[in-house]
Every structure is written in C-alpha cells, then in structure tokens.
Amino acid sequence: MGYLHAGEIKVMVAAKELEIERVILDDQSARKTARTMMLKPIGTVGILVLGKESGFIGKVKPLLDRLIDVNFYLSKQFYTKILRDVGEI
C-alpha cells in the first residue's frame, strides 16, 4: 500500500469510531485501505455522479472540466466513461 496522509487516516479512524460506513477519499491507496477496514469509499467524481442522479446537479461535465482546470487528475478514459455513464456523451 502507498503512503497515507494524516487527514486520510483521521477520516477512516473517525468513520470507524462514529460507525459511519461511507468515507470520501480520492487517493487509491486510501480507498484500498478503507475497504480493508470495511468502509465504503467514494471519491469526488462519485459525489458528482450521485448529485446528478439525485437531481442536485444538472451537468457533470462542466464540473469535471473545472476540477481538471485546478489540477485534479482524471485519465481521459475515466473522464469519457463518467460522461458516458451519466448520459452526457
């Protein structure tokens, strides 16, 4: 497993202490660790998809584009997959 930041560890520990299943984590190593702790990680993109599915967000594409503009990494394949999954391409 990769290096975990203190904030990621705190999120997971707090979730266990508070008996919360879902945790918001983007880092793959942190997500993997969370799953070993029986937590259900969701990332920023997953939150956007849930927002669209719930009707809180009209379009995901401009939000993904803004994330990319501020150096949030998304592979081109994942970007395309997400837009396809939410019916925006």
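Structure: above.
Since the structure is predicted, the reported quantities are computational estimates derived from the model, not experimental observations. (Residues numbered from 1 in each chain as written. Predicted model: local features only at pLDDT ≥ 70, side-chain atom pairs only at ≥ 80, totals over all residues. Heavy atoms only, no water.)

K.L.:
What exactly am I supposed to notice about the overall build of the chain here?
P.N.:
Summing up its helical and strand segments, the chain has five helices and two strands in all. Reading the chain from its N terminus to its C terminus gives the helix and strand order α-β-α-β-α-α-α. Summarising its shape, the C-alpha atoms of the chain cover approximately 40 × 25 × 20 Å along the three principal directions. Per-residue burial for the chain yields a buried fraction of 33% across its 89 residues. As presented, the chain carries roughly 6300 Å² of accessible surface, and 59% of it is formed by carbon and sulfur atoms. (Helix = DSSP H or I, 4+ residues; strand = E, 2+ residues; numbered from the N terminus. Buried < 20%, exposed > 50% of the residue type's maximum accessible area, 1.4 Å probe, protein only. Areas by Shrake-Rupley, 256 points an atom, 1.4 Å probe, with all protein chains shown as cover.)

K.L.:
Teacher, can you tell me more about the nonpolar core here?
P.N.:
One broad rule of soluble globular proteins: the nonpolar side chains tend to lie buried together. Ranked by size, the top nonpolar core spans twelve residues in total: Val 45, Leu 48, Val 49, Ile 57, Val 60, Leu 64, Leu 67, Leu 74, Tyr 79, Ile 82, Leu 83 and Val 86. Looking at this core, the elements with two or more residues in it are α3 (44–53), α4 (61–69) and α5 (76–85). Those residues in contact with Val 49 that sit more than four places away from it in its chain are Ile 82 and Val 86. Membership of the second largest hydrophobic core comes to eight residues, among which are Leu 4, Val 23, Ala 30 and Leu 39. (Core = buried A, V, L, I, M, F, W, Y, C linked by side-chain atoms within 4.5 Å. Contact = heavy atoms within 4.5 Å.)

K.L.:
Any chance you could explain the pattern of salt bridges here in plain terms?
P.N.:
A side chain of one charge can pair with a side chain of the opposite charge when the charged atoms of the two come close. One pass over the structure, following the stated rule, counts four salt bridges. Ionic pairing is found between Lys 40 and Glu 21, a salt bridge with its closest N-O pair at 3.2 Å. Placement of Lys 40 in strand β2 (residues 40–42) and of Glu 21 in the loop between α1 (6–17) and β1 (22–24) is noted, with a sequence separation of 19 residues between them. Among the residues examined, Lys 40 registers a relative accessible area of 42% and is labelled partly exposed. Residue Glu 21 is classed as partly exposed on the basis of its relative accessible area, which comes to 48%. (Salt bridge = Lys/Arg side-chain N within 4 Å of Asp/Glu carboxyl O.)

K.L.:
Where do I start with the environment of Leu 74 in this structure?
P.N.:
Within the secondary structure layout, Leu 74 lies in the loop between α4 and α5. Expressed as a C-alpha distance, the spacing of Leu 74 and Lys 32, which sit 42 residues apart in the sequence, is 18 Å. Residues in contact with Leu 74, not counting those within four places in the same chain, are Val 45, Leu 64, Ile 68 and Tyr 79.

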